[in-house]
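# Residue-level structure breakdown
Here are the chains, one letter per residue:
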Amino acid sequence: MTDPIAYRRILLKLSGEALMGEADYGIDPKVIQRLAREIIEVQRAGVQVGVVIGGGNIFRGEGLAAAGMDRVTGDHMGMLATVMNALAMQDAIEKAGGYARTMSAIKINEVCEDFIRRRAVRHLEKGRIVIFAAGTGNPFFTTDSAAALRAVEIGADLLLKATKVDGVYTADPTKDPAATRYDHLSYEEVIHRDLRVMDTSAIALCRDHRMPLRIYDMGVAGNLMRIMRGETIGTLVDTDG
């Protein structure tokens, strides 16, 4: 007998860089196909799944701005990059037998739907995986902030941030062998210790709406389902710490 599912609805945040795999740019088909299969697995287990994907594997507005480009223009380019990633994920999910809808925070009706909260919730209730593209639709806000915002808007039980490390550490574990992993943190600890789990705006939004956040290693196959079954994987950030 399998363990019962611990969550009714989740919001999964994937970085654009996560889609690159071992490449330097773009999307690794093997990575996106594996992620699509894991997302479908948890959806079929009874979890309603929303996804926010970054665009750092194609364009990063902040980096372009640092190189001299107008920040607003750079951020708009970054939003379009997230739409490209979202469409790629939608395609991967549908090829794997799932049902997905991409909803954009900027109008791009020829390729995807506009984000409308009530429609997004209805898609989730009908068993469709909803991929939220174009961040918040505003410059100067990261896709971390978009993930926190969408999680609150759809009434998610948990916000998940999929990364390349197995949680939050006292220091960068690739540079400091003495770094230790936190199992549990409060929002205030993350902000005051400047742990850079997500940007401060995202953490503050989670704190204000008591949205629990779990950071985990997306590179380990099956981790997403294990979390859905209530296993303690990665680092949990909530009000208690």
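The structure this text deals with has already been given above.
Anyway, here's the lowdown on the structure attached to this text. (Residues numbered from 1 in each chain as written. Predicted model: local features only at pLDDT ≥ 70, side-chain atom pairs only at ≥ 80, totals over all residues. Heavy atoms only, no water.)

Within the chain one finds eight helices and eleven strands. Compactness check: the chain gives a C-alpha radius of gyration of 17 Å against a globular reference of 18 Å for 241 residues, within 12% of the reference. Taken over the C-alpha atoms alone, the chain extends approximately 50 × 50 × 35 Å along its principal axes. By the burial criterion, 50% of the 241 residues in the chain qualify as buried. (Helix = DSSP H or I, 4+ residues; strand = E, 2+ residues; numbered from the N terminus. Rg over C-alpha atoms; globule rule 2.2 N^0.38 Å. Buried < 20%, exposed > 50% of the residue type's maximum accessible area, 1.4 Å probe, protein only.)

Let's shift gears to the packing of helix α1 (residues 29–44) against helix α3 (residues 71–95). Two numbers describe how α1 lies on α3: the axes approach to 9 Å, and their chain directions differ by 65°. Here the hand of the crossing between α1 and α3 comes out right-handed. Side by side, α1 and α3 meet where I32, L35, A36, I39 and I40 of the first sit next to A88, M89, A92 and I93 of the second. Per-class residue counts for the contact of α1 with α3 are nine nonpolar, no polar and no charged. (Axes fitted to C-alpha atoms, helices over the stretch in contact; angles between N-to-C directions. Left-handed = near helix turned anticlockwise from the far one by under 90°. Contact = heavy atoms within 4.5 Å. Nonpolar A, V, L, I, M, F, W, Y, C, P; charged D, E, K, R; others polar.)

A few words on the pairing of strand β6 (residues 158–163). In terms of burial, β6 is largely enclosed, as six of its six residues are buried. Side-chain alternation along β6 places L158, L160 and A162 on one buried face and L159, K161 and T163 on a second face that is also buried. Relative to β6, strand β1 (residues 9–14) runs parallel, the two being bridged by five bridges. The residue bridging L12 from the neighbouring strand is L160, located in β6. Alignment of β6 against strand β10 (residues 213–217), held across five bridges, turns out to be parallel. Counted as the bridge partner of K161 is I215 from β10. (Pairing = 2+ DSSP bridges.)

Let's shift gears to the pattern of salt bridges. A full pass over the atoms with the stated rule returns 16 salt bridges. With a shortest N-O distance of 3.1 Å, K107 and D114 are connected by a salt bridge. One salt bridge connects R193 with E189, and the closest N-O pair in it is separated by 3.3 Å. Overall, the relative accessible area of 41% leaves R193 in the partly exposed class. Residues joined by salt bridges that share partners form a network here, namely K13, D144 and K161. (Salt bridge = Lys/Arg side-chain N within 4 Å of Asp/Glu carboxyl O.)

This paragraph deals with the packing of aromatic side chains. Scanning all chains against the criterion turns up one aromatic pair. With a centroid separation of 5.6 Å and 80° between ring planes, the pair formed by F115 and F132 is classed as edge-to-face. Pair noted here: F115 is in the loop between β4 (113–114) and α4 (117–125) and F132 is in strand β5 (residues 129–133), with a separation of 17 residues, a long-range link. By relative accessible area, F115 is classed as buried at 18%. On the basis of relative accessibility, which here comes to 2%, the residue F132 falls in the buried class. The cationic tip of R150 hangs over the ring face of F115; the distance from NZ or CZ to the ring centre is 3.8 Å. (Phe/Tyr/Trp six-rings, centres within 6.5 Å; stacked < 30°, edge-to-face > 60°. Lys NZ or Arg CZ within 6 Å of the ring centre and 35° of its normal.)

Let us now look at unusual backbone geometry. Unlike most non-glycine residues, A134 shows phi in positive territory, near 70°. If you trace the backbone, A134 turns up in the loop between β5 and α5 (143–153). Taking the relative accessible area as the measure of exposure, A134 reaches 1% and is therefore buried. Although it is not a glycine, F140 adopts a positive phi angle of roughly 75°. Along the chain, F140 falls in the loop between β5 and α5.

With respect to the helices and strands, G219 occurs in the loop between β10 and α8 (223–228). A residue is classified by how much of its surface remains accessible, and G219, at 51% relative accessible area, is exposed. C-alpha of G219 to C-alpha of A134: the two residues are 85 residues apart in sequence and 25 Å apart in space. Those residues within four positions of G219 in sequence are excluded, and the remaining contacts are R34 and T163.

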